[in-house]
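# Remarks on the overall topology
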Amino acid sequence: MANICLTFGTKASHDKLIDALTTVKGLAAWWTEGTSGEAAKGGEVAFRFGDNGGFDMRVDECDENGVLWEVVGGPEEWVGTQIEFKIIQEDKHNQVMFRHIGWADEGPFFHHCSMKWATFMLSLKDYVEMGSGRPFPNDLKIEATGM
């Protein structure tokens, strides 16, 4: 099994981070504008990326320390994986620890998603620090076009 693991530190408030990770409005501000559903524990959140489809997440954990989602719909490589955000409060900043857990292998889609998660973590950082992220469809594009 393979995992995608990323982290960043921020002086943004713990409350701002929790809001960004546990509300539909917050999630839509940094990941995809096509976010809907119930982001509380036991709920399900749909993340849509225009004509590219999307993912459905069941919220297994949601508290002041972060969230844990199980992917229940989307590409087969994602279904059954888990996505975890933990917030660790340090003396002078908050550390966001991200993991996308349980990939079957490290194929081309895994590599693509690793890079896309990195761009969305930067979007999350921008959102909590500056008030504006780069959610889809305005996200950083990483694929070559016009080839």
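Residues numbered from 1 in each chain as written. Predicted model: local features only at pLDDT ≥ 70, side-chain atom pairs only at ≥ 80, totals over all residues. Heavy atoms only, no water.

## Observations concerning the pairing of strand 3 (residues 44–48)
For strand 2 (residues 34–37) and strand 3, the ladder comprises four bridges, and the chain directions are antiparallel. If you follow G34 over to strand 3, its bridge partner there is R48. Here strand 2 hands over to strand 3 after six residues, with G42 in that stretch at a positive phi of 90°. Across five bridges, the pairing between strand 3 and strand 4 (residues 54–63) is antiparallel. Looking at the pairing, R48 lines up with G54 of strand 4. Taking the residues that link successive antiparallel strands as the turn, the strand 3-strand 4 hairpin has five residues, and the phi of G50 there is positive, at about 60°. (Pairing = 2+ DSSP bridges. Helix = DSSP H or I, 4+ residues; strand = E, 2+ residues; numbered from the N terminus.)

## Focus on the pattern of salt bridges
Two side chains of opposite charge can pair, provided their charged atoms sit close to one another. What the rule picks out here adds up to eight salt bridges. Here E84 makes a salt bridge to K86, at a shortest N to O gap of 3.9 Å. Put simply, K125 and E129 hold a salt bridge, and the shortest N to O gap is 2.6 Å. One end of the pair is K125 and the other is E129, both in helix 3 (residues 108–130) and four residues apart, which spans about a single turn. (Salt bridge = Lys/Arg side-chain N within 4 Å of Asp/Glu carboxyl O.)

## Let's talk about the packing of helix 1 (residues 14–22) against helix 3
Their axes nearest at 10 Å, the elements helix 1 and helix 3 cross at an angle of 130°. Judged by the angle between their axes, helix 1 and helix 3 are oblique. Note that helix 1 runs across helix 3; the crossing there is right-handed. Where helix 1 abuts helix 3, its residues K16, L17, D19, A20 and L21 lie against L124, Y127 and V128. When its residues are assigned to classes, the contact of helix 1 with helix 3 shows six nonpolar, no polar and two charged. (Axes fitted to C-alpha atoms, helices over the stretch in contact; angles between N-to-C directions. Parallel < 35°, antiparallel > 145°, perpendicular 65-115°, else oblique. Left-handed = near helix turned anticlockwise from the far one by under 90°. Contact = heavy atoms within 4.5 Å. Nonpolar A, V, L, I, M, F, W, Y, C, P; charged D, E, K, R; others polar.)

## Observations concerning the sheet that holds strand 4
Strand order in the open sheet formed by seven strands is 1-7-6-5-4-3-2, with antiparallel pairing between adjacent strands. Where the open sheet ends on each side, the last strands, each with one partner, are strand 1 (2–10) and strand 2. Direction aside, neighbouring strands of the sheet carry axes that sit 20° apart on average. Against the sheet, helix 3 engages strand 1, strand 6 (82–89) and strand 7 (94–103), with an angle of about 20° to strand 1.

## Section: unusual backbone geometry
For the bond from F136 to P137, the omega torsion is 15°, close enough to zero to count as cis. Within the element layout of this structure, P137 appears in the segment after helix 3.

## Some words on the nonpolar core
Considering soluble globular proteins, one finds that nonpolar side chains tend to be buried as a cluster. Judged by nonpolar contacts, the single largest core of 38 residues is most densely connected at W30, W31, W69, W78, F85 and W117. Element by element, the count of residues in this core is highest for helix 3, at eight residues. Apart from the residues within four sequence positions on either side, W78 is in contact with W31, F55, M57, V71, I83, H100, W103, F109, C113 and W117. (Core = buried A, V, L, I, M, F, W, Y, C linked by side-chain atoms within 4.5 Å. Buried < 20%, exposed > 50% of the residue type's maximum accessible area, 1.4 Å probe, protein only.)

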